[in-house]
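Topology and contacts: notes
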Amino acid sequence: MDTVSIGDNLTRLFNEKNARIVFWDDPEGNFVGTLPSISLDNVHVINLSEIASLAVKVLIELEDPTGKYLLYAPFDSTKQEEDWLLDIRLYSHRFKADLTHMILRNLGLQEESLIPIIERHSIFFRNKERMARLKRSILPEDTADVLERKLLTVVTKADHPDVFNIVLTLFHTAAKGQGFDPPAEPPSWPAIRKFNLETPFWNLIEAEFGFVAEKPSFQKLIIQILVSDLHHSLKAELPSSLKEQVLPRTKARNNAVVFAAQWRDSNTKSCSYNQWADWVWNSTNMKALFDYCDYEELLDVETFAHVERIIATGLLRCVEAMATVINPETVRSIVVQRKTKHWVASNSISEETRNVRRSVYDAIMAAAELLDLRNTYERGFDYANAVSLYKAYESELYRFDQLYRHFCGNADIAESRGLDILKPLRENIEACYANWYLDKIALAWGEHLERDILRRWSLDRVHNQYNFFELYVEPWLRRGPDRRAFVIISDALRFEIAEELTRKLKNEDGLLVAAELVSQLGVLPSYTSLGMASLLPHSELTYNATGDVLVDGRPTGSLKQRNAILAAKANGKAIKADDLIAMSREKGRAFVKGASVVFIYHNEIDARGDKAATEGTTFDAVRDSLHSLITLIRRIINCLNGSYVLVTADHGFLYTETNPTIIDKTTLGSEPEGAVKAKKRYLLGKGLPKHPHVWSGDTAVTAKAQGGMQFWVPKSRNLFHFVGGSRFVHGGAMLQEIVVPVIKVTELTGKGRQKEYRSRPVQVLVIGDRHRITSPKYRFHFQQMDPVGGQFAAVTLKIAVYEGNEAITNIETVTFDSMSSHMRDRSKEIFLTLRDKQYDKRTRYRLVLRNVDLDTIIREVPVIIDRAIIDDF
């Protein structure tokens, strides 16, 4: 052993322990030759074989009672009756220069009781890197158990010397690689065995989890941990074949619950949890045991992915069985809860799998809300006049179309990935929407059309589409010479889609705007050429002999022609949405420079829906349109200095998942004399005769279009022709086609206006100001202070009790999204399970509420943990 190491250890002993006298026993005299080369500041070095013990005693106690001395004894000093210096030894410090003692000193440890631990694991200490890692975590007061735990930390390369972290690291490293097949032991296990740490490890496991086995293994351990976690959350008795796999003691099971929850919540290691959980599910044949389990008994279970399918299937059957008395809030609360759970929300799950699971739950929730809406209007839509029915559609009835779209869109996603559990419900939803709602609403609206609306095509408190530019664009431009209006015309953007877009705009990150949705009575027939023309600035619309629409004598069919009209009448420009988005900021600003009005033509819904080959992707097109429209508005506001944006459409549309049948066709036999254009949902011509199966009128009334052009549109949702696609149609007079949205988007400026319009997460308070935890499980109560809606948005929180930065309970994810005006309906409670360990009631523990989306702590509440009595049954 080199003299530098000996000198360093002796110096540390004199300085850190404030030693005055140190005895160095070297009975074999191995360091007699080394002694002269050891230099210690202000320390006298005496070889006791060269000076009489009595003389040394006189020197130390009488002549120099404050000096520091190193007394080297190269002989056996264990015979106390012959030791003249025994009394001095009793109050002095001892030093040994054998390897074990040097390791002890090098680690900063003084307890001689740790010598057997170092000897037992001596091979570990032969590596400088391992020693360096160990030394960084050593504390002088470390006990034998703590030292062995820190040895395991180094060998497993765990983040810190905590049993949970060591076990988690072992499980995680064992799961690495494709095609998971759990090995008999983790990669670091040979080293653990080599360093004689196997027994200490299983002792730690027994102390922490109560796990004991004649031949312990990681497979047995993970089965018992996860089955215990399942047992904790299951609202029923475990199947008998699983009971023997539950950990034996209450505190051990609590630790398993906390361990599993923290593993699932780990940003870096939750992926290995997924592999192990699937393996446990399959290896214990749980599918056969739980296939017939009541889904309500599994609502709190998060242990296994396969539980999601059981819950979704059970919830779906419940929705079907309770269709006529469905309570959508009950379904919603379950869906919201499950969507925050690990197997639906965790980034460790592939995005495709998460999307499928979310889609299944969202489809079920949409179905429940749609069925409840049907129950609300069970007797149909008997409104006194057309205005009342129109306004009812504008305020609530549009939700039939929106919920149907949500259900079908989500069901499509699930089924495209091979998940077919929604098929039975799909038939019920199709019957509800296509065979009940559309027929009922068509019948009610048709009565008002025939009574008087077609003859005047106006409604009180509803603007007409042909007045769009005059009512929404010109007033903004008149406010000043520097005003500029952006008008986005999204082909076939029907009202219910615009309503969803409006909500999204109000809560879009990085887009500070106010968004207001109104509607206008669309032109009839509700087709693109007429709708687009009516939105342009004009004095007069006119039909020519071939059925083309002119604006003040100018053609309007192409982008170039519309651009010419805008330039001449409003100092405006026209451009396709894709072209504007593709421009750089500089090119975009150069394009809009000098223009008072910019018309932007956006076409995703109609482009795909109006073709037989792609009409089945109509709802996909809607989803894409919502995203692209937000992108477009963001670009206008943030890059092109736009402060006023209007989003509108030329018309809406009708769409059903099932193809129309011959019953839905209005038989014409042949086109009437005078017909100019004949499409699936409308016919244009001059001098058209009356027909009992159609609604007829004059475009001079419905569009203020000159030229003597008349029209036929089939009653209800019928079609004239089945050529091409027939599930996506427009042109007729149904509310879905002629209630045309207008969204007014204005940029917010100033903190006051931002606060007034911007939705913010609801505030969540913890009920009670003094929380003392005295049992393994503790119930916390929370209050959502405001209903969701308007200025307040839902918030999802992760909630747990912490000691420092370490969670000492399971971590619960809870969404606060109640829209109820009653405080009692907005309260929630959760149970947190405490990890079994030593707690000090004087330590500051905290209940932490963390915003999941922002990853920020929104609230901390002090918690006292007083486990004076710990029961262990």
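Preceding this section is the structure that the text describes.
Keep in mind the model is a prediction, meaning the values are calculated, not measured.

What to know about the overall build of the protein
Looking only at helices and strands, the protein has 32 helices and 32 strands in total. Since a compact globule built from 873 residues should have a radius of gyration of about 29 Å, the 39 Å found for the protein marks it as more spread out than a globular shape. Counting only C-alpha atoms and orienting by the principal axes, one finds that the protein spans roughly 140 × 65 × 50 Å. Burial status across the protein gives 53% buried among its 873 residues. At a minimum sequence separation of 6, the contacts of the protein that also span at least 24 residues come to 72%. Accessible surface, the protein as shown: approximately 39,300 Å² in total, 48% of it carbon and sulfur. Side chains of the protein give 112 positive and 114 negative charges; the mean places of these two sets differ by 5 Å.

Remarks on the sheet that holds strand β19 (residues 710-714)
If you walk across this open sheet you meet the 4 strands as β15-β16-β19-β17, and the pairing is antiparallel. The strands lining the two open edges of the sheet, one partner per strand, are β15 (675-678) and β17 (694-698). Along the sheet, successive strands turn relative to each other by an average axial angle of 20°, direction set aside. The strands touched by helix α21 (residues 423-456) are β17 and β19; relative to β17, the strand with the most contacts, the crossing angle is about 25°.

Digging into a nonpolar patch on the surface
Together, Leu54, Val58, Leu62 and Trp84 make up a nonpolar patch on the protein surface, roughly 450 Å² of accessible area in all. Mapped onto the secondary structure, Trp84 falls in the loop between β3 (68-73) and α3 (86-91).

Considerations on the packing of helix α11 (residues 218-233) against helix α14 (residues 270-283)
Each pair of packed helices can be described by the angle between their axes along with the distance between the axes. Between α11 and α14, the shortest axis-to-axis distance is 10 Å and the interhelical angle comes to 90°. Relative to α14, α11 is oriented roughly perpendicular. Between α11, through Gln219, Ile222, Ile223, Leu226 and Asp229, and α14, the contact on the second element is made entirely by Tyr273, Trp276, Ala277, Trp279, Val280 and Ser283. Looking at the contact of α11 with α14 residue by residue, the classes come out as 8 nonpolar, 2 polar and 1 charged.

Observations regarding the sheet that holds strand β2 (residues 43-47)
If you walk across this open sheet you meet the 4 strands as β2-β3-β1-β4, and the pairing is parallel. Both edges of this open sheet fall to β2 and β4 (93-95), since each of them pairs with a single strand only. Going from strand to strand, the sheet's axes swing by 25° on average, the running direction of each strand aside. Direction of pairing for β2 relative to β3: parallel, over a ladder of 5 bridges. The residue of β3 that forms the bridge with Val45 is Leu70. Helix-sheet contacts for helix α2 (residues 53-63) involve β1 (21-25), β2 and β3, and the interaxial angle to β3 is about 165°.

Notes on unusual backbone geometry
In this chain, Leu524 is followed by Pro525 through a cis amide linkage whose omega measures 0°. Considering the arrangement of structural elements, one finds Pro525 in the loop between β7 (513-521) and α24 (528-535). Despite not being glycine, Asn196 shows a phi value in the positive range, around 60°. Along the chain, the position of Asn196 falls in the loop between α9 (189-194) and α10 (198-209). Backbone geometry at Asp552 places phi at a positive 50°, although glycine is not the residue there. By the element assignment, Asp552 lies in the loop between β9 (549-551) and β10 (554-555). Judged by relative accessible area, which is 29%, Asp552 ranks as partly exposed.

Overview of the side chain of Thr340
Structurally, Thr340 can be placed in the loop between α17 (328-339) and α18 (342-345). Within the structure, the side chain of Thr340 is placed 3.4 Å from the backbone oxygen of Thr813, a separation counted as a polar contact. Discounting chain neighbours no more than four positions away, the residues touching Thr340 are Ala345, Thr796, Thr813 and Thr815.

Considering the pairing of β15
In terms of strand pairing, β15 meets strand β16 (residues 683-685) through 3 bridges, oriented antiparallel. Paired with Ala675 across the strands is Gly685, a residue of β16. Counting the residues that bridge the hairpin from β15 to β16 gives 4 residues.

Quick look at the layout of surface pockets
Approximately 1,000 Å³ is the volume found for the second largest pocket. For the second largest pocket, the lining is made up of 37 residues, of which Asp300, Gln337, Lys341, Glu829 and Ile830 are closest to its centre. At 7 residues, α17 tops the list of elements feeding residues into the lining of the second largest pocket. Looking at the lining of the second largest pocket residue by residue, the classes come out as 10 nonpolar, 12 polar and 15 charged.

Let's talk about the side chain of Thr542
Its location among the elements puts Thr542 in strand β8 (residues 541-543). A distance of 3.4 Å separates the side chain of Thr542 from the side chain of Glu540, its partner in a polar contact. The residues contacting Thr542, other than those within four sequence positions of it, are Asp548, Val549, Leu550, Gln706 and Gly707.

Some remarks on empty space enclosed by the protein
Considering all chains together, one arrives at 2 cavities of 30 Å³ or more under this definition. Reported here for the largest cavity is a volume of approximately 90 Å³. Of the residues assigned to the lining of the largest cavity, the class counts are 6 nonpolar, 2 polar and 2 charged.

Section: the packing of helix α23 (residues 495-506) against helix α29 (residues 618-639)
Direction vectors running N to C along α23 and α29 enclose 45°, while the axes themselves pass 11 Å from each other. Considering the angle they form, α23 stands oblique to α29. In the crossing of α23 with α29, the sense of the turn from one axis to the other is right-handed. The segment α23 lies against α29, with Ile497, Glu500, Leu501, Lys504 and Leu505 engaging Val622, Leu626, Leu629, Ile630 and Ile633.

The rules behind these values
- Residue numbering note: each chain is counted from 1, following its sequence as written.
- Totals for whole chains, interfaces and linings use all residues, but because this is a predicted model, local features are given only for residues with pLDDT of at least 70 and pairs of side-chain atoms are given and counted only at 80 or more.
- To obtain the side-chain values, all non-hydrogen atoms of the structure were included, while hydrogens and water were left out.
- In this description a helix means any DSSP run of H or I spanning at least four residues, a strand means any run of E spanning at least two, and both kinds are numbered starting from the N terminus.
- C-alpha atoms define the radius of gyration, and 2.2 Å times the number of residues to the power 0.38 defines the globule rule.
- Per-residue accessibility, obtained with a 1.4 Å probe over protein chains only, is compared with the maximum for each type, and a residue is labelled buried under 20%, exposed over 50%, and partly exposed between these values.
- Between two residues, a contact is recorded if the distance between any of their heavy atoms is within 4.5 Å.
- All accessible-area figures derive from a Shrake-Rupley calculation using a 1.4 Å probe, and residue coverage is judged against the displayed protein chains alone.
- Positive charges are assigned to Lys and Arg, negative charges to Asp and Glu, while His and the chain termini are left out of the count.
- Note that the charge is assigned to NZ on lysines, CZ on arginines, CG on aspartates and CD on glutamates.
- One bridge is not enough; two strands pair if DSSP finds at least two bridges between them.
- Orientation is described by lines fitted to C-alpha atoms, with helices fitted over the stretch in contact, and by angles between N-to-C directions that extend from 0 to 180 degrees.
- The patches reported here contain residues having more than 30% relative accessible area and no salt bridge. Joining distances are 9 Å for like charges and 5 Å for nonpolar side chains (Val, Leu, Ile, Met, Phe, Trp, Tyr).
- Whenever a carboxyl oxygen of Asp or Glu lies within 4 Å of a side-chain nitrogen of Lys or Arg, that contact is scored as a salt bridge.
- Any angle that falls under 35 degrees is termed roughly parallel, while one over 145 is termed roughly antiparallel, one within 65 to 115 roughly perpendicular, and all others oblique.
- Polar here means any residue outside two lists: the nonpolar Ala, Val, Leu, Ile, Met, Phe, Trp, Tyr, Cys and Pro, and the charged Asp, Glu, Lys and Arg; Gly therefore counts as polar.
- Pairs of N or O atoms within 3.5 Å make up the polar contacts considered here, provided that, within protein, one atom can donate a hydrogen while the other can accept it, and that residues adjacent in sequence are counted only when both atoms are side-chain atoms.
- Only protein atoms enter the 1 Å grid, on which a cavity is a set of points fitting a 1.4 Å probe that cannot get out and a pocket is an open set with protein on both sides within 12 Å along at least 5 of 7 lines, lining residues being those with an atom within 4 Å of a point.
- Grid points are joined across faces, edges and corners, and a volume is the space filled by probe spheres set on the points.
- Helix crossings are classified by the rotation of the near helix relative to the far one: an anticlockwise turn of less than a right angle makes the crossing left-handed, while a clockwise turn makes it right-handed.

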